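Spelled out from the first residue to the last, the chains are:
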Amino acid sequence: MPGRIDSVATRTKEPLTAKQVQEALDLVSVDESNPVATTRWWQRARALVSNWLGVVGVLGFFSAAWLYYDRRDHALYEAERRRITFHCIRCDHLYTARAGAAVAACPRCDHENTRLKF
Ligand SMILES: [Zn+2]
């Protein structure tokens, strides 16, 4: 009887433990190692892509800002450079005004003068 019980116990114990071990291994392999590995891989890829996207986004933002300000400064410089020379017929003062202005008041005597034509 004790030997039987022992054998039954060992028989029942052995497959149970084997099953338990298999289940545990399966659970471990399915629930932990594989998905964790995939999520780790995905997380790594995602982090890499997001990091590069961030870098690309920052670089794009700064290059766009640089282009915008460069063009704006260039336009301002051009507008400043393309000034029209005016000559006051009243006080003989030479002054400039922005391009596009056909008539500009003299800063010295406030007389409205037409632009000089060369
Ligand atoms: Zn004047």
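Residues numbered from 1 in each chain as written. Predicted model: local features only at pLDDT ≥ 70, side-chain atom pairs only at ≥ 80, totals over all residues.

1. So, unusual backbone geometry
Piece 1. Even without being glycine, D92 reaches a positive phi, approximately 60°.
Piece 2. Among the secondary structure elements, D92 is positioned in the loop between β1 (84–87) and β2 (94–97).
Piece 3. On the neighbour-count criterion, D92 (10 C-beta atoms within 10 Å) is exposed.
Piece 4. For D110, which is not a glycine, the phi torsion comes out positive at approximately 65°.
Piece 5. Relative to the helices and strands, D110 resides in the loop between β3 (103–105) and β4 (112–114).
Piece 6. With 10 C-beta atoms counted inside 10 Å, the residue D110 sits in the exposed group. (Helix = DSSP H or I, 4+ residues; strand = E, 2+ residues; numbered from the N terminus. Buried ≥ 20, exposed ≤ 12 C-beta atoms within 10 Å, placed from the backbone.)

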